Structures are given as C-alpha cells and as structure tokens.
Amino acid sequence: MMILACVGSAVLDHLFRIRKLPVESGKFVASNYAEIGGGPAATAAVAAARLGRAVQLIAPVGHDSTASSIIFELRERNVDTTWVHMVENATSSVSAVLVDEAGERLIINHRHPLIDGEPEWMKDIDFSAYGALLSDVRWPRGNRRAMEQAKTAGVMTILDADVCPDDMSPLVALADHAAFSQPGLARFTGETDIAAGLRVAAKKT
C-alpha cells in the first residue's frame, strides 16, 4: 500500500467545555477538560489512519514533554512518526480551545518561532515513496519545501487551504488539488461569495 504523507502542524490542544464563550474578563468554570492532539496535518493523518490508510506525518515539534505526548498519541492512532522532528530549544505548539454548548469555539494558539525555521532535516526524506502528499498552510517553509520535492518526484499534491497569516499563493500554485475552507477562500481571493471566490481562485492557480 502506498503511503500518504501529511505535512504541517502538530499541536497539543487543551480543550475546555464551557456554557458560553466569554465576552469579558473574569474567571470561568469548565464543565469538562481534555488534552488531545490537534493541528491540521496531524488531524488529517489520524483521520487517514482510521480509514485504514498507511500514513506518515512530517512535522516539527519542540524538544519537550509536550512533543512526547503528541508523538505518543499519534503512534497510538497508527500514524508513522518517523519524520516528526524535535527542534532544539523550541517548545511545541499548544492551543487553548474553548467550546461552548452551541459548538462555537475560541482558539488561542502559541507556536514557537524556531518551529518555523529552515527545515534542513527534510533533505533526507524520499518523497518518491509516497502515493500522495497532503499539506496544510501552517508551516510555510516546510509546506513549500515538501510540495516542491513531491512535485519533482511526480507525487500528487493536495493542499488544505485554510486561513493562515502568510500568502498561500505559492502553495496553491504547487497543489494539484486545493481544498479551501470558506474563511481560507475569502482570505485568498478577497471574495465572500463562495462561487465568486472559486472563480478567482481558479484564475490564480
């Protein structure tokens, strides 16, 4: 079976369930709490593994106990973590996630700047071994490098085009298939209408 590579963000989410999202400062009591793995690429990898696909995650994490928790959970969920790379002197990405009774959420994320450094360690990855590559947009240097190497190897590239602080145009141009979230499409095209946004996106790719 050919391996699916998922490239991008791996996060430890601290999930708090509350009655409603706060609109002012204060102290609030959560009805439930959990620590679970997150990040678009890592979540996609777990989903693919649940569907029976052989999947490998390519992602940077810090050199800390949080990284150990992230890697442990991924392995428990049958994700190959060979290329989950611990970055020296960096802390792993974490998020505080508040979810209210209506299912609305508020996410506060911290990502250490060293996590987004030049991924020289990726030079040892044989991208021709993959059947397809799915990239998120949260790790710009690594996402672009992986997609470029995958294209050179003749591997199909898929982009999870969600909202990101950087210009995702280079990643969209490298993607054989781009799956936009509604906010991601609006940010990329400047169009709030989905049909109009897709037409603009098609012209940019």
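Parameters and conventions
- Residues numbered from 1 in each chain as written.
- Predicted model: local features only at pLDDT ≥ 70, side-chain atom pairs only at ≥ 80, totals over all residues.
- Heavy atoms only, no water.
- Helix = DSSP H or I, 4+ residues; strand = E, 2+ residues; numbered from the N terminus.
- Contact = heavy atoms within 4.5 Å.
- Polar contact = N/O pair within 3.5 Å; in protein donor to acceptor, adjacent residues only side chain to side chain.
- Buried < 20%, exposed > 50% of the residue type's maximum accessible area, 1.4 Å probe, protein only.
- Arc of directions from axis to C-beta.
- 1 Å grid on protein atoms, 1.4 Å probe; cavity = no way out; pocket = protein on both sides within 12 Å on 5 of 7 lines; lining within 4 Å.
- Points joined across faces, edges and corners; volume = space filled by probe spheres on them.
- Nonpolar A, V, L, I, M, F, W, Y, C, P; charged D, E, K, R; others polar.
- Phe/Tyr/Trp six-rings, centres within 6.5 Å; stacked < 30°, edge-to-face > 60°.
- Pairing = 2+ DSSP bridges.
- Axes fitted to C-alpha atoms, helices over the stretch in contact; angles between N-to-C directions.

Enquirer: Can you help me understand the environment of Thr 189 in this one?
Expert: Tracing the sequence through the fold places Thr 189 in helix H5 (residues 182–189). The sequence separation of Thr 189 and Ala 202 amounts to 13 residues, and the corresponding C-alpha distance is 10.0 Å. Not counting chain neighbours up to four residues away, the residues in contact with Thr 189 comprise Gly 197, Val 200, Ala 201 and Lys 204. Among the polar contacts made by the side chain of Thr 189, one reaches the main-chain carbonyl oxygen of Leu 185 at a distance of 2.8 Å. Within the structure, the side chain of Thr 189 is placed 3.2 Å from the backbone nitrogen of Glu 191, a separation counted as a polar contact.

Enquirer: How do you make sense of helix H6 (residues 194–204) when you look at a structure like this?
Expert: Think of an α-helix as turning once every 3.6 residues; residues three or four places apart then point the same way. Along H6, the residues that are buried comprise Ala 196, Gly 197 and Ala 201. Down the axis of H6, the smallest arc covering the buried residues is 135°, so these residues share one side. The exposed residues of H6 that point more than 90 degrees off its buried face are Arg 199 and Lys 203. You can read the cap of H6 off the contacts: a side-chain oxygen lies 3.3 Å from the backbone nitrogen of Ala 195, and it is on Asp 193.

Enquirer: I'm lost on the layout of surface pockets in this one. Help?
Expert: There is about 700 Å³ of room inside the largest pocket. Forming the walls of the largest pocket are 27 residues, and the residues nearest its centre are Pro 40, Ser 95, Arg 105, Ile 107 and Arg 138. Mapped by element, the contributors of at least two residues to the lining of the largest pocket are strand E2 (11–17), strand E3 (32–38), helix H1 (40–50), strand E6 (93–99) and strand E7 (105–110). A per-class count over the lining of the largest pocket returns 12 nonpolar, eight polar and seven charged. Here the second largest pocket defines a volume of roughly 200 Å³.

Enquirer: Looking at this model, I keep getting lost on the packing of aromatic side chains. Mind explaining?
Expert: For any pair of aromatic rings, the description consists of the separation of the ring centres together with the inter-plane angle of the planes. A full pass over the atoms with the stated rule returns four aromatic pairs. For the ring pair Trp 121 and Trp 139, a centre distance of 5.8 Å and an interplane angle of 10° mean the geometry is stacked. Of this pair, Trp 121 sits in the loop between E7 and strand E8 (130–135) while Trp 139 sits in the loop between E8 and helix H3 (140–152), and the two are 18 residues apart along the sequence. Across this residue pair, the class does not change: Trp 121 and Trp 139 are buried. Geometrically, the ring pair formed by Phe 127 and Tyr 130 is edge-to-face, given 5.8 Å between the ring centres and 70° between the ring planes. The pair formed by Phe 127 and Tyr 130 is uniform in burial state, with each residue classed as buried.

Enquirer: Got a minute to help me understand the sheet that holds strand E1 (residues 3–7) in this structure?
Expert: Here six strands make up an open sheet; going across it, the order is E5-E4-E1-E8-E9-E10 and the pairing parallel. Whereas interior strands pair on both sides, the edge strands pair on one side only; in this sheet they are strand E5 (80–87) and strand E10 (177–180). Pairwise comparison of adjacent strand axes, ignoring direction, gives a mean angle of 20° for this sheet. Where E1 meets strand E4 (residues 55–62), four bridges bridge the pair, whose relative direction is parallel. Residue Val 7 lies in a different strand from E4, and its bridge partner there is Ile 58.

Enquirer: In this structure, what is going on with the environment of Leu 15? I would like to understand it.
Expert: Assignment of secondary structure puts Leu 15 in strand E2. Not counting residues within four places of it along the chain, the set of residues in contact with Leu 15 comprises Asn 32, Tyr 33, Ala 34, Ile 36, Val 97 and Val 99.

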